[in-house]
There are 4 protein chains.
Amino acid sequence: MGNLRRVPVGIVGASGYGGLQLVRLLLEHPEVELVYLGEDSIVGKSLATAYPHLANVVKLPIEAIEPEIIASRCQVVFLSLSNGHACQIAPILLEQGCQVIDLSADYRFRNLATYTSWYGKERSDHDTAATAVYGLPELYRDRIADAQLVGCPGAYPTASLIALLPLFKQGLIVPETAIIDAKSGTSSGGREPKTHLLLAEADNSLAAYSVTRHRHTPEIEQICSELAGHEVTVQFTPHLVPMVRGTLATVYATLRDPGLVGDDIITIYTAFYRNSPWIKVCDSGIYPNTKWASGTNICYIGIEVDPRTRRVIVMSAIDNLIKGQAGQAIQCLNLMMGWDETLGLPKVGFYP
Amino acid sequence: MGNLRRVPVGIVGASGYGGLQLVRLLLEHPEVELVYLGEDSIVGKSLATAYPHLANVVKLPIEAIEPEIIASRCQVVFLSLSNGHACQIAPILLEQGCQVIDLSADYRFRNLATYTSWYGKERSDHDTAATAVYGLPELYRDRIADAQLVGCPGAYPTASLIALLPLFKQGLIVPETAIIDAKSGTSSGGREPKTHLLLAEADNSLAAYSVTRHRHTPEIEQICSELAGHEVTVQFTPHLVPMVRGTLATVYATLRDPGLVGDDIITIYTAFYRNSPWIKVCDSGIYPNTKWASGTNICYIGIEVDPRTRRVIVMSAIDNLIKGQAGQAIQCLNLMMGWDETLGLPKVGFYP
Amino acid sequence: MGNLRRVPVGIVGASGYGGLQLVRLLLEHPEVELVYLGEDSIVGKSLATAYPHLANVVKLPIEAIEPEIIASRCQVVFLSLSNGHACQIAPILLEQGCQVIDLSADYRFRNLATYTSWYGKERSDHDTAATAVYGLPELYRDRIADAQLVGCPGAYPTASLIALLPLFKQGLIVPETAIIDAKSGTSSGGREPKTHLLLAEADNSLAAYSVTRHRHTPEIEQICSELAGHEVTVQFTPHLVPMVRGTLATVYATLRDPGLVGDDIITIYTAFYRNSPWIKVCDSGIYPNTKWASGTNICYIGIEVDPRTRRVIVMSAIDNLIKGQAGQAIQCLNLMMGWDETLGLPKVGFYP
Amino acid sequence: MGNLRRVPVGIVGASGYGGLQLVRLLLEHPEVELVYLGEDSIVGKSLATAYPHLANVVKLPIEAIEPEIIASRCQVVFLSLSNGHACQIAPILLEQGCQVIDLSADYRFRNLATYTSWYGKERSDHDTAATAVYGLPELYRDRIADAQLVGCPGAYPTASLIALLPLFKQGLIVPETAIIDAKSGTSSGGREPKTHLLLAEADNSLAAYSVTRHRHTPEIEQICSELAGHEVTVQFTPHLVPMVRGTLATVYATLRDPGLVGDDIITIYTAFYRNSPWIKVCDSGIYPNTKWASGTNICYIGIEVDPRTRRVIVMSAIDNLIKGQAGQAIQCLNLMMGWDETLGLPKVGFYP
């Protein structure tokens, strides 16, 4: 089109599920113009090579990933690569004056030693990493607005943290009692073909994985520790569920104050998220369903208190590829640009 | 809101899957204002009673179905009721000056004797029915633009006819050889609970139903006969597929001219649908997938010619609840109002 | 056939999913003869009325539910009715000398006050209930062998208790820390059509339900309390998963002894279940998948210890309709008759 | 074990879905002893490496594929390899006196030129191939009984041919009108990870593939031509359906005799398959469902005649991995050994 007032943006890693959502959302975003799509494996081809339904929809060609060229054309660059690649590109882009929104794990950690310990990769970009803001708008809205580099959390930390933030921020729970039993659809595993993600294997099948050692654990703990003011350890157990999209976190924690009832907690959450347009706290007795969030950037929260056990149980449901990935990145973009946080993002899906 | 320039529209039958899609689409349509939602079973309640994810999204209350009151408030009324109900309401609405878009079978037949024979219900609204236009924009774009009453086809006739139209219109096939092997997801069966639509029954399950006697057969034949210029009988076999959304029609017919090859037919279809923005004819060797169409108003068409058998095989894929139902109704609305045919309708879904 | 040495058995409530599995399993059991099928709604018809694939397989007609007549023909009667009906039939059958295996909640409680409190129904059969044995063979093998009346646990208590038994029996955990995050396929909801169990609703959908108040909670607590020697309260949260069969329980508890590692717990479980042919304790690092258990009576157990949190995490996977229902009932039958516990029950399913 | 009277059998290619079903079925077959499992990629390991649920169930180690050694230990060898490999092993096994049952395409063709033309591979084992019998017991029961080498058809030809046999054998249809619209679950695509078979891609997705050119076409035509007494060309269109197991063929053909009604055809099929214990012809108005056949060796047949179009429509449903693969191979084994055709094969599955 060439609307000169639109912000030129690019996507590095356009052919994975995260990149695909970004393409879909950015094409319809009223204030940006998508000017670059990069993916080394299909340079010179169309995105329709990987996704035939996009023939004649996405007209941009796929280009090689050359940071200087990208920087010369884009004001904002989304990095949607596997872990360990963003940290090689982001410093160059930033130096050339781009703003960078990374969807991988590379810029989520304050302490790169934690990253190296859980991801097994040494890092040399400590200065760059020190400037990164954790891209969870419901917690760091102001810092994101001022950031040049944002490291967005994925679906598990997003669902888990939105469920936990008010509890930790208000000191409502005994920190070490927090348990996150998380469940996610198979699109979280990406588009690379793997046996356990085949329909024949994953359908009518349910199991936990990476028990006690999933890489999203330190990220969740980093934020909880900051809120609690001391080191917090949480239990995080992910499960693979036979569905395409959606992440549900069922969070358990023991309340400090035995007098709190469910409605009290609902009131606290409603207040906490009053200025968060993407958080919907359900009425008492209503528990969120991943299907409600499908195709939207919404996080639904359900709350119950068990007077028999003194525990609060918080359930949060998101679309793992939108609020859990690409939608959140665009929510961060909106904040960084000073636009309304909801701009260009879907509010209602096509149920059922 | 009260944008005075927006066209006030209402939905009668808002709580079924068809009504729900209409709500979703009309809320985001830039030229209409949704001012009425009717459903006798939940009068006075919110649509969130039936669909909790719509809490705070749909603020209109559900009202009783009183045609005079509806007519006083709405310029256009969508009827999304089970068969046999629209014909009791539409005449009153029309008399009061409304335009009516019906999603049931009531106004799809030129000859009401055909309706009575297949639907088992006598009709007295012959004058009204005579004014109805069959709501398939790809065929009757001009008539729809001038209509007061449109009877929209459902998913099976839509997918079947879009696959068949060029063949019949151009006289390319031996008419009586046309066979439609159609497949649809379980949302086509509606939201009323029925045993065979339970996940436990329908999942990992596939079967034909209503073989040789499905009610959509006469509708398809009515259109094909008009195009052929003589009575045409087609074979139509629907199947229930273990998925939520989507309809695929696989159409077989014998070519009159044995010299035609696949690329010829693709060229003919591309020309035939040149001015149909919602039809995407796939390149040679690409066959449409229902998932591509999910969440959009697009119909994807794939074409193959078998030189061994002299048959053409045409596959068409749509979202049964959008192009096969609510989206098509809004496409008709756009034409009736003189708006662009694509206004307010989704072009790209959230794959996967 | 009339093998005179076979034990004549009957099923009251043959057309639900539980009854159907019983029919399937008992037809192939080498020591019983199925002589009676009762279901009031389809008296005089064939089971193929409800399940067409059983035409010519199940030749017994469906009969009315008349306890005296049933007792005159059956040595053992399986009751597969909704809660509150077995307690009206079982006393009569027992009086006539039958052995009774009930699949409902009616005979699972030592204290009928607990039943009345959670199920909302007064009971007058206290003497009968006092003789009932809880039908979990892995815990009460000897008592079941001597029982006239067995109340079998369903899928959730079975999966939960098999995961918890060694922990409570050996005093390994802090009792009040036990949390069961359970997940089950939609066949657990039965065959009565309900909106939320429709494929269109339940597919690609995940949510918790009955949080803090599911009726299986008191049953689990009854057994845990007995093992602990004092009243124990557990947290139990069920989730509905988009799959047909299978129940997975993910159990969390804090270990008393911080020195125990995963292999220690695996050793303890292996010893505990040494004489339980249906329990398979997985090797370290292997977590059970519901699909493995599908079509079998096996319960797979996976174990992990988190040294960071001092918690043990135990996962147990079963087929909700076999080990969680009909298969367990037949396992109890085998014990009551002095047969091998594995007789007539499937050991390997048809993966995938 | 070492029951000396049992027939020693082996499986070459034990880790694919076909091999896995063979393992499952042969372990429970009363007259055979499984003595060899071969798979070059996991030599020396256990089958539980690939399928953890089989730990302690399958105790045989996986061995290398050395034909002479296999022949020295096995009386019958099942070959479950990808196309083009059986033809290198079978001649050696036969020469050593083994009987061979091949599940690939290698021995399904009378005319190896047809094989070479569709599979793109030259063959030198013409003498061996000339002795092979097509392993469809319902057609070639007697020849299979005398065979040393059987080439078993897969799911598509099996479902298609069982639906077509009586029509061609009795000359009831106009041969060139036969159209097979076939649908199959994703396990037909095997266990090798491929993008289009991922749950995220294949779920809620439906499309045709290999239209006009699927490799199973010539096999079906070979048999139909033999029955018709002249060259017959059929239309065969496969579709990938979002389910794990099951194949449904919907067959259309024009009847020669316009006076035949549905009940006539049902009578003819019932007579034709009177001695075929695995074929169940449904009553009028009942259409087969793939789920009915799941976990069994049964083929369900439904029949309808459309007096309006003079077509017969035959639907056949099987479990693609049992009657469409491993079960059929064992049915052939039973015939080759002179055992009852049903021996060791499952008759009722675990619906739902």
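Residues numbered from 1 in each chain as written. Chains lettered and ligands numbered in written order. Predicted model: local features only at pLDDT ≥ 70, side-chain atom pairs only at ≥ 80, totals over all residues. Heavy atoms only, no water.

Draft legend 1. Structural detail: the overall build of chain A. In terms of helices and strands, chain A carries twelve helices and 14 strands. Seen through its principal axes, chain A has C-alpha atoms that stretch 60 × 45 × 40 Å. The buried share of chain A, taken over its 352 residues, is 66%. The long-range fraction of contacts in chain A, counting pairs at least 24 apart against all pairs at least 6 apart in sequence, stands at 71%. Entry remark: accessible area of chain A is about 11600 Å², with carbon and sulfur atoms responsible for 48%. Mean positive and mean negative side-chain charge positions of chain A (28 and 35 charges, respectively) differ by 4 Å. (Helix = DSSP H or I, 4+ residues; strand = E, 2+ residues; numbered from the N terminus. Buried < 20%, exposed > 50% of the residue type's maximum accessible area, 1.4 Å probe, protein only. Contact = heavy atoms within 4.5 Å. Areas by Shrake-Rupley, 256 points an atom, 1.4 Å probe, with all protein chains shown as cover. Lys, Arg positive; Asp, Glu negative; His and termini not counted. Charge placed at Lys NZ, Arg CZ, Asp CG, Glu CD.)

Draft legend 2. The interface of chain B and chain D, seen in detail. Facing the 51 residues of chain B at the interface are 51 residues of chain D. For the pairing of chain B and chain D, the buried interface totals around 4000 Å² over both sides, and the portion due to carbon and sulfur atoms is 51%. Together, Asn-204, Leu-206 and Arg-308 of chain B form the three largest contributors to the area buried by chain B at its contact with chain D, with a combined 16%. Between chain B and chain D we count six salt bridges in total. (Buried area = accessible area lost by both parts, 1.4 Å probe. Salt bridge = Lys/Arg side-chain N within 4 Å of Asp/Glu carboxyl O.)

Draft legend 3. Representation of the nonpolar core in the model. Counting 389 residues, the largest nonpolar core has Phe-78 of chain A, Phe-78 of chain B, Phe-78 of chain C together with Phe-78 of chain D as its most contacted members. Among all residues touching Phe-78 of chain C, those that are not within four sequence positions of it are Val-9, Gly-10, Ile-11, Val-12, Leu-22, Leu-26, Ile-101, Leu-103, Ala-329, Ile-330 and Leu-333 of chain C. (Core = buried A, V, L, I, M, F, W, Y, C linked by side-chain atoms within 4.5 Å.)

Draft legend 4. Spotlight on the confidence of the model for chain A. Scored by pLDDT, chain A has a mean of 96; 99% of the residues are at 70 or more. If you check the scores for this complex, the pTM reads 0.97 and the ipTM reads 0.96. (pLDDT = per-residue confidence, 0-100.)

Draft legend 5. Molecular detail of unusual backbone geometry. Of note, the bond from Tyr-351 of chain B into Pro-352 of chain B is cis; its omega dihedral lies within 30 degrees of zero at 0 degrees. Checked against the element boundaries, Pro-352 of chain B lands in the segment after helix H12 (322-337). Phi at Asn-56 of chain C is positive, roughly 70 degrees, even though this residue is not glycine. If you trace the backbone, Asn-56 of chain C turns up in the loop between strand S2 (32-38) and strand S3 (62-63). For Asn-56 of chain C, a relative accessible area of 60% corresponds to the exposed category. Backbone geometry places Asn-204 of chain D, a non-glycine residue, at a positive phi of 55 degrees.

Draft legend 6. Examining the sheet that holds strand S11 (residues 247-254) of chain D more closely. All names here are of chain D. Across the sheet, seven strands lie side by side as S9-S10-S8-S11-S14-S13-S12; this open sheet has mixed pairing. The open sheet has two free edges, formed respectively by strand S9 (207-208) and strand S12 (279-281), since each of these has just one partner strand. Lying over the sheet, helix H10 (residues 262-272) contacts S12, strand S13 (299-306) and strand S14 (311-318), oriented at roughly 150 degrees with respect to S13. (Pairing = 2+ DSSP bridges. Axes fitted to C-alpha atoms, helices over the stretch in contact; angles between N-to-C directions.)

Draft legend 7. Spatial organisation of the relation of the copies chain D and chain C. Rotating chain D by 180 degrees about the axis while translating it 0.0 Å along that axis superimposes it on chain C, leaving an RMSD of 0.0 Å. The symmetry that links the two subunits is that of a two-fold axis. A shared interface surface links the copies, since 100% of the contact residues of chain D are contact residues in chain C too. (Least-squares fit on C-alpha atoms with pLDDT ≥ 70 in both.)

Draft legend 8. Structural context of the interface of chain D and chain C. Contact with chain D, which involves 29 residues of that partner, is made by 29 residues of chain C. Connecting chain D to chain C are zero salt bridges. The tally of links from chain D across to chain C stands at twelve residue pairs in polar contact (both at pLDDT 80 or more). Elements represented by at least two residues in the side of chain D that touches chain C include exactly helix H1 (17-27) and helix H11 (290-293) of chain D. A per-element tally of the side of chain D that touches chain C places H1 of chain D first, with five residues. (Polar contact = N/O pair within 3.5 Å; in protein donor to acceptor, adjacent residues only side chain to side chain.)

Draft legend 9. Structural context of the relation of the copies chain B and chain D. Structural alignment of chain B on chain D gives an RMSD of 0.0 Å, achieved by rotating through 180 degrees and translating 0.0 Å along the axis. When you check the interface residues of chain B against chain D, 100% turn up at the interface there too, and the contact is symmetric in its surfaces.

Draft legend 10. Looking closely at the pattern of salt bridges. Enumeration according to the criterion identifies 56 salt bridges over all chains in this entry. Where Glu-219 of chain A meets Arg-108 of chain A, a salt bridge forms, and the shortest distance between an N and an O atom there is 3.1 Å. Of this pair, Glu-219 of chain A sits in helix H9 (residues 217-228) while Arg-108 of chain A is found in the loop between strand S5 (99-102) and helix H4 (112-119), placing the two residues 111 residues apart along the sequence. Given the relative accessible area of 6%, Arg-108 of chain A is considered buried. The network of salt bridges with common partners includes Asp-181 and Lys-183 of chain A together with Asp-181 and Lys-183 of chain C.

Draft legend 11. Quick peek at the domain arrangement of chain A. All names here are of chain A. Each domain of chain A was delimited in the assignment, giving domain 1 (7-131) and domain 2 (155-320). Using only C-alpha atoms to locate each centre, domain 1 and domain 2 end up separated by 27 Å. Taken together, the contacts link 13 residues of domain 1 with 14 residues of domain 2. Of the roughly 1200 Å² buried between domain 1 and domain 2, counting both surfaces, carbon and sulfur atoms make up 50%. The largest share of the area that domain 1 buries against domain 2 comes from Tyr-17, Arg-110 and Trp-118, three residues that together contribute 49% of it. One can count two salt bridges joining domain 1 with domain 2. (Domains from an automatic or database assignment.)

Draft legend 12. View of the sheet that holds strand S4 (residues 76-79) of chain D. All names here are of chain D. The strand order across the open sheet formed by seven strands is S3-S2-S1-S4-S5-S7-S6, and the pairing between neighbours is parallel. The strands lining the two open edges of the sheet, one partner per strand, are strand S3 (62-63) and strand S6 (133-134). Summarising the sheet, S4 and strand S5 (residues 99-102) pair through four bridges and their orientation is parallel. Each bridged residue has a counterpart across the sheet, and for Phe-78 the counterpart in S5 is Ile-101. Contacts from helix H12 (residues 322-337) reach strand S1 (7-12), strand S2 (32-38), S4, S5 and strand S7 (149-151) within the one sheet, and its direction differs from that of S5 by about 155 degrees.

Draft legend 13. Layout of the state of the cysteines. All names here are of chain B. One pass over the structure, following the stated rule, counts zero disulfides over all chains. Here Cys-87 stays unpaired: no disulfide links it, and the sulfur of Cys-152, its closest cysteine neighbor, is 16 Å away. When its relative accessible area of 10% is taken as the criterion, Cys-87 is described as buried. (Disulfide = S-S within 2.5 Å.)

Draft legend 14. Region of interest: helix H9 (residues 217-228) of chain C. Residue and element names in this part refer to chain C. Its twelve residues give H9 an end-to-end C-alpha distance of 16 Å, which sits within 8% of 16 Å, the value for a rise of 1.5 Å per residue. Taking burial as the measure, the twelve residues of H9 include ten buried ones, the bulk of the element. Looking at H9, one finds that the buried residues are Thr-217, Pro-218, Glu-219, Ile-220, Glu-221, Gln-222, Ile-223, Cys-224, Ser-225 and Leu-227. Of the surrounding secondary structure, the elements contacted by the buried residues of H9 are helix H4 (112-119), strand S6 (133-134), helix H6 (137-145), helix H7 (155-169), strand S8 (179-184) and strand S10 (235-240). (Expected span 1.5 Å × (residues − 1).)

Draft legend 15. Main features of the pairing of strand S5 (residues 99-102) of chain B. Residue and element names in this part refer to chain B. Alternating positions in S5 separate into two faces, Gln-99 and Ile-101 on one and Val-100 and Asp-102 on the other, with burial throughout. A crossover links strand S4 (residues 76-79) with its parallel partner S5, the connecting element being helix H3 (residues 86-95), and its sense is right-handed. Pairing of S5 with strand S7 (residues 149-151), which is carried by three bridges, proceeds in the parallel orientation. Looking at the pairing, Val-100 lines up with Leu-149 of S7. (Right-handed = clockwise from strand over helix to strand, strands pointing away.)

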